[in-house]
Amino acid sequence: MNNYDEMWKSLNMDLDTHCKLLDVLGQVYADIYLNQDNRPEGMEYFDFVVGEVHGLRIKELLEHKAKGGFIAGAFCLFVPDELILATGGIPIGLCGGADLTTAKAEEFLPRNICPLIKSSVGFKLARICPYFESSDFLIGETTCDGKKKAWEVLNNFIPTQVMHVPHMKTESGKRVYRMELERLMGKLEEAGKTKIGFEQVKKAIELMNNKRRALAGLYETRKHQPSPISGKDALLISQVAFYDDIPRFTASVNKLTGELNKRIEKGISPFARTAPRIMLSGCPSVVPNWKLHHIIETSGASVVVEEACTGTRYFETLVDESSASLNEQLDALARRYLSINCSCFTPNNERTRQILDYAREYHVDGVVYNTLQFCHTYNIEYTRVEKALKEAGIPVLRIETDYTAEDAGQIQTRIEAFLEQIR
Ligand code: BJ8
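Sequence order sets the numbering: in each chain, residues are counted from 1 along the sequence as written. Local features are withheld for residues below a pLDDT of 70 in this predicted model, meaning they are given only at 70 or higher, and side-chain atom pairs are given and counted only at 80 or more; totals for whole chains, interfaces and linings count all residues. Only hydrogens and water are removed before side-chain values are computed, so all heavy atoms of the structure are retained for them.

**Brief notes about the nonpolar core**
Formally: For our purposes a nonpolar core is just a set of buried Ala, Val, Leu, Ile, Met, Phe, Trp, Tyr and Cys residues, chained together by side-chain atoms within 4.5 Å. Only protein chains enter the calculation, and the probe is 1.4 Å; a residue is then buried if its accessible area is under 20% of its type maximum, exposed if over 50%, and partly exposed in between. Numbered from the N terminus, helices here are DSSP runs of H or I no shorter than four residues, and strands are runs of E no shorter than two. The contact definition used throughout considers only heavy atoms, calling two residues in contact when any of these lie within 4.5 Å.
Counting 121 residues, the largest nonpolar core has Phe46 and Ile237 as the members making the most contacts within it. For this core, the element with the highest residue contribution is helix α11 (residues 198–221), accounting for eight residues. Among residues more than four places away in sequence, those in contact with phenylalanine 46 are Tyr29, Leu236, Ile237, Val240, Phe249, Ser252, Val253 and Leu256. Leu292, Leu397, Phe418 and Ile422 belong to the second largest nonpolar core, which has 15 residues in total.

What follows is the structure, given as structure tokens:
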């Protein structure tokens, strides 16, 4: 990475700890990603983005701010990127996927809380994430209990708006979410010093839909047997989607998909045709958490789909583009966002149906159900998913883990036994 010390200093970051973080990440990335055989050439762009993750992209964000724009950090798919974009903001996904700042987070949070929350809060407290430090404010939401209370902690360090996401998709729940869109819009208008209008929202909807279409196209290639791209690479792309420049990201994904389609014609894949095809389902795998994908793929299987927010949930439904007024656009946004099947909702029957559909569409041989420790909603929902998969004759293995490497050996043994069973 170029020397960005001055920039990081201007963001009041802890340079020593940050430097250690970059060293560790560089090494882990080289081991997990750059060592893969037979990668598509189009992955060079994403390697470059990761190489510049705390450099060039941050410079771009700061330039955006210098021109009067703002940066809004968020942690959940229920925060609508379109409204942030329509008011001149850039949305950035800030969820943390590393264990480095756990001790710092535990100064304010209990030990028995989801690692994603601890990591996210810890990154802010330790001042080692330039995305956090570039953000003007955060938009939290009321999805799970841990996050809901973490916003109160974070609000002491950075202004944090909280969006009320209902837990039931009833008529009243839908009304609540729709009203929350309007409330958020007011806050964003203040931040962007602009009045939101039909044309800006239309442009933002198209921008986001194109990004979703690009990701859907990429995932389509993974339905082929064998998949032309590793699950690890596909996961990385889903993770980069949360912070990269949107038009550039969309064009890069589309270009890669073109290459993947050619690889399919020529029969090129990182995997043997006989490699078991695995769906990862459950909690998000947030950058730089590549643990399960790496273990599964180094055990000889191919991850072909992620039923997760770092996967299908990110792109699966488009926002209706035919609205004729701002009101209709808000209705369309509410419909689209409330179609996301997160386990924070009750009931959440649609998610199980979707998992079965994906299993069929992606020719899945087995499902690895991924839950983060203390994520009660995904953990509890396992029983229902397991029952449905067993009835459909699809083997499933639940892995409950955190961000440390301590359980990697044990997980590897369980995955290998699971793959044996599938074979
Ligand atoms: S839409 S999955 S991003 S809430 S893993 S912090 S739920 S205890 S991340 Fe999520 Fe939105 Fe749902 Fe997606 Fe809580 Fe569970 Fe931790 Fe979680």
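**Thoughts on the sheet that holds strand β8 (residues 396–401)**
Hydrogen bonds along the backbone pair up the strands of a sheet, which may run parallel or antiparallel. Heads up, the rule is: Pairing between strands requires that DSSP locate at least two bridges from one strand to the other. Under this scheme, a helix contributes an axis fitted over its contacting stretch, all axes are lines through C-alpha atoms, and angles between N-to-C directions fall in the 0 to 180 degree range.
Read across the open sheet, the four strands follow the order β6-β5-β7-β8; overall the sheet is parallel. Two strands lie at the open edges of the sheet, namely β6 (302–307) and β8, each paired on one side alone. If you compare each strand with its neighbour and ignore which way they point, the axes differ by 25 degrees on average. Note that strand β5 (residues 277–282) and strand β7 (residues 366–372) share five bridges and pair parallel. Bridged to isoleucine 278 within β7 is glycine 366. Against the sheet, helix α17 (residues 349–361) touches β5, β6 and β7, its axis set at about 165 degrees to β5. Sitting on the sheet, helix α19 (residues 408–422) touches β5, β7 and β8, and the angle it makes with β8 is about 170 degrees.

**Quick word on the packing of aromatic side chains**
Here is the rule: Planes of paired rings set the category: under 30 degrees apart is stacked, over 60 is edge-to-face and the rest tilted, where pairs are Phe, Tyr or Trp rings (Trp by its six-membered ring) whose centres lie within 6.5 Å.
Tallied over the full model, the rule gives 16 aromatic pairs. Judged by centre distance (6.0 Å) and plane angle (55 degrees), the rings of tyrosine 4 and tryptophan 8 are tilted. According to the relative accessible area criterion, tyrosine 4 is buried, its value standing at 8%. Accessibility expressed as a relative area gives 6% for tryptophan 8, which makes it buried. Seen in terms of ring centroids, phenylalanine 108 and phenylalanine 157 are 5.6 Å apart; in terms of plane orientation they differ by 90 degrees. Their pairing is edge-to-face. Here phenylalanine 108 is found in the loop between α6 (102–105) and α7 (115–126), whereas its partner phenylalanine 157 is found in the loop between α9 (145–154) and β4 (160–163), with 49 residues between them in sequence. You can call phenylalanine 108 partly exposed: its relative accessible area is 42%.

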